Amino acid sequence: GCLSRSVLDTALWLDVVSGGSREAEAPPPPEPSVVEAARTPPGKLRVAWSTHAPRAVAPPTGDQDAKGAVDDAAELLRGLGHEVSQRDPDWGNIGNNITARFLGGVAETVREVPHPERLERRTRGFGRLGSVLPRSLYERARSEGRAADAARINAIFDHCDVLVMPVMGGTALPIRRWEGKGAVQTVLGMSRFYPYCVPWNHLGNPAMAVPAGISPEGMPLSVQVVGRRGEEATLLSLAAQIEAERPWADRRPPVS
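Position labels on residues start from 1 in each chain and follow its written sequence. Per-residue local features are limited, in this predicted model, to residues with pLDDT of at least 70; the limit for side-chain atom pairs, both in listing and counting, is 80 or more; totals at the level of whole chains, interfaces and linings are taken over all residues. No hydrogens and no water enter the side-chain calculation; it runs on all heavy atoms of the structure.

How should I be thinking about unusual backbone geometry in this particular structure?
The bulk of non-glycine residues show a negative phi, and the bulk of peptide bonds are trans. The residue arginine 176 is not glycine, and still its phi comes out positive at about 65°. Relative accessible area decides the class of each residue, using a 1.4 Å probe on protein chains only: under 20% of the type maximum gives buried, over 50% gives exposed, and in between gives partly exposed. Classification of arginine 176 as exposed rests on a relative accessible area of 62%.

Below is the structure:
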């Protein structure tokens, strides 16, 4: 993805890199351009919000800062004229497929690198965990499991145009949070704190992190806005509207 300080910069980046992918499910370049979409008001959207996280390896965590940012974003979007309601995705057992894809994918990549001994010890540990999984479980998570998850979870977009959620379980963690920890401890910790973004990587939905103010402790906050597959233009249009209402480019958290 793209990290930028303005919605138009992100839109321009998407226009530049769109198209030409050989992946089977890659969408065509957007028409009109994403920059044009970002410059066009989104109209009245149906917005759902949720702080309910899926479970992956371990039970997820979510503090009040993360949940409060979602509440505040919902009120902002309601004030901008959108239809806002609370609705949780039907996560089911998506965590089983996510875990199998993550660990199986790392194991596959570790086998492909020319010098695996040069990898970080913990990365090699991820690879060993993934190598224990039956190959059939990994392939099933990527095919039938993903298809079933997509059909069930994307049903939420029958009732809304975008979904607003936390980006992670709280504000930024300290650097080296899992330094010196093994693969198992790291996977357990990460799966608890970062449960909200991985489902959309698994399913292929577009999602964006939008700045959402500062926590009482002076840490930056953001919310995740998720859309239907192929509807990046809707997300960028909404993000531009939020940015116009609450500009963020020149803001700096006190901790910086």
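Would you mind going over the pairing of strand E2 (residues 83-86) with me for this structure?
In regular strands, side chains alternate between the two faces of the sheet. One bridge is not enough; two strands pair if DSSP finds at least two bridges between them. Segments assigned H or I by DSSP are reported as helices when at least four residues long, segments assigned E as strands when at least two residues long, and all are numbered from the N terminus. Both strand E1 (residues 46-49) and E2 contribute to a ladder of four bridges, which runs parallel. Looking at the pairing, arginine 46 lines up with glutamate 83 of E2. Following the chain from E1 across helix H3 (residues 64-79) to the adjacent parallel E2, one finds a crossover that is right-handed. By definition, the crossover connecting two strands over a helix is right-handed if that path, from the first strand to the second, turns clockwise as seen with the strands pointing away from the viewer.

Help me understand the layout of surface pockets, please; the structure alone is not making it clear to me.
Here the idea is plain: a probe the size of a water molecule rolls over the atoms and shows the empty space left. As defined here, a cavity is a set of points on a 1 Å grid over the protein atoms alone where a 1.4 Å probe fits but cannot get out. A pocket is an open set with protein on both sides within 12 Å along at least five of seven lines, and residues line them when an atom is within 4 Å of a point. Grid points are joined across faces, edges and corners, and a volume is the space filled by probe spheres set on the points. When its volume is computed, the second largest pocket comes out at roughly 260 Å³. Forming the walls of the second largest pocket are 15 residues, and the residues nearest its centre are Ile98, Phe102, Met190, Ser191 and Val198. Breaking the lining of the second largest pocket down by element, the ones donating at least two residues are helix H4 (94-112), helix H7 (183-193) and helix H8 (198-203). Among the elements that take part in the lining of the second largest pocket, H4 stands out by supplying four residues, more than any other. Ten residues, namely Ala, Val, Leu, Ile, Met, Phe, Trp, Tyr, Cys and Pro, are considered nonpolar, four, namely Asp, Glu, Lys and Arg, are considered charged, and the remaining ones, Gly among them, are considered polar. In terms of residue class, the lining of the second largest pocket is built from 12 nonpolar, two polar and one charged.

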